[in-house]
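The chain contents come next:
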Amino acid sequence: MKRVVHIIITVVAAILLIWFIAPLTYRIFNHGNALGITICLVLIFRFGFSKHYDKLKALMLTNGIGKTIIRIIQIGASAFLIYAVIISGLMVYAMVKKPAPDSTAVVLGAQVKPWGASALLRQRIEAAQRYLEDNPSAAAVVSGGQGPDEPMSEAQCMFNNLTEAGITADRVIMEDRATNTDENIRYSLSLIREKELNPDIAVVTDSYHQLRARIILHKTDSQVKAGAINARNNQIGLLAYPTYFVREWIAIPVELIK
C-alpha cells in the first residue's frame, strides 16, 4: 500500500512538473513557476526515489547538525503544507462568491499589444461584456493606464472593445491612470464615489487573482461589498493556470503586510 501511495504521488508530481514547465515555451516565468517546479522535484525525489531519500536521511541522522536540519525541514514542510491548503481554500472561496445584482463592475487591466487586447485582457473584456449583458442596469469601470510598450491605455482598449460589442458608452467609465492592481482598485473606487455609481462591486479578473484583489479592495474600503466575475481561461491561460495560482501563494502575504 505504501508503495502504491508513493507511485501515485510521484506520477502526480511529474504531471504537475510538466504543467509548470510548459508555460516557459510562451516565455511565462515567475515565482509561481519556480516554486511549483521546486515542490514537484522535491516530491519526485522524496517518493519516487525513496531508497535514496532514506539513505540520505539515515546519514544525516548520524550527527546533531543533520538531525537539526531534518527537523527544521520537517517543520517547515508541514507549516507550508498547512499554509498552502488554507490559502488555496480562501482563494477558491473568493472565486465563487457572487456579486449582488447590478453591482458596478471593476475590470482590472492587462497588457495591450500593438494589435489590440492581449489574450489575458481579452478574457477579462469578454467576462465584463457577459456580466453587463446579464445586468442591464449595471455600469463598469475599466481600469488601466498606458505602459511604455502599449499603443493606448488599457482602459481605452477595454472601452473600445465593450462599446464595439454593443455596450452603450454611458455604462463604461474609463480609469486610465492605474499602473498596478492597488491603483486599479483605489482609483476605481474613487470614480465610483465621484460618479455616484452602485457601491457594490463585481471584480472582473482571473479567478486566481480574486482573493488578492479582494484584500486590496477591503484595505481601501473595509465596508465595500464585493463579488467575483471570473474570466474564462483560453488555451494559454489553462496552460499557465497552476503557475499563476501558485504565484498568488507568494503575492497574497506580501499584499497583507504592505
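Residues numbered from 1 in each chain as written. Predicted model: local features only at pLDDT ≥ 70, side-chain atom pairs only at ≥ 80, totals over all residues. Heavy atoms only, no water.

## Let's talk about the sheet that holds strand 1 (residues 104-108)
For step 1, the next point in the chain: One open sheet holds the five strands; their spatial order is 5-4-1-6-7, and the pairing between them is parallel. A strand with exactly one partner marks an edge of an open sheet, and here the two such strands are strand 5 (172-175) and strand 7 (226-230). Going across the sheet, the axis of each strand differs from the next one's by a mean of 25°, ignoring polarity.
For step 2, the next point in the chain: Sheet topology note: the strand 1/strand 4 (residues 140-143) ladder contains four bridges and is parallel. Looking across to strand 4, one finds that Ala105 is bridged to Ala140.
For step 3, the next point in the chain: Together, strand 1, strand 4, strand 6 (201-205) and strand 7 form the strand contacts of helix 5 (residues 119-134), whose direction differs from that of strand 6 by roughly 150°.
For step 4, the next point in the chain: Docked against the sheet, helix 7 (residues 181-195) engages strand 1, strand 4, strand 5 and strand 6, running at close to 130° with respect to strand 5. (Pairing = 2+ DSSP bridges. Helix = DSSP H or I, 4+ residues; strand = E, 2+ residues; numbered from the N terminus. Axes fitted to C-alpha atoms, helices over the stretch in contact; angles between N-to-C directions. Contact = heavy atoms within 4.5 Å.)

## Structural notes on the nonpolar core
For step 1, the next point in the chain: In terms of nonpolar packing, the biggest core is built from 25 residues, with Leu121, Tyr131, Val142, Leu162 and Val204 touching the most fellow members.
For step 2, the next point in the chain: Elements that contribute at least two residues to this core include exactly strand 1, helix 5, strand 4, helix 6 (154-164) and strand 6.
For step 3, the next point in the chain: Tallying contributions element by element places helix 5 first for this core, with six residues.
For step 4, the next point in the chain: If we skip the residues at most four places from it in the chain, Val142 touches Val107, Ala155, Met158, Phe159, Leu162, Val172, Ile173, Met174 and Glu175.
For step 5, the next point in the chain: In terms of nonpolar packing, the next biggest core, distinct from the first, is built from 22 residues, Phe20, Ala240, Tyr241 and Phe245 among them. (Core = buried A, V, L, I, M, F, W, Y, C linked by side-chain atoms within 4.5 Å. Buried < 20%, exposed > 50% of the residue type's maximum accessible area, 1.4 Å probe, protein only.)

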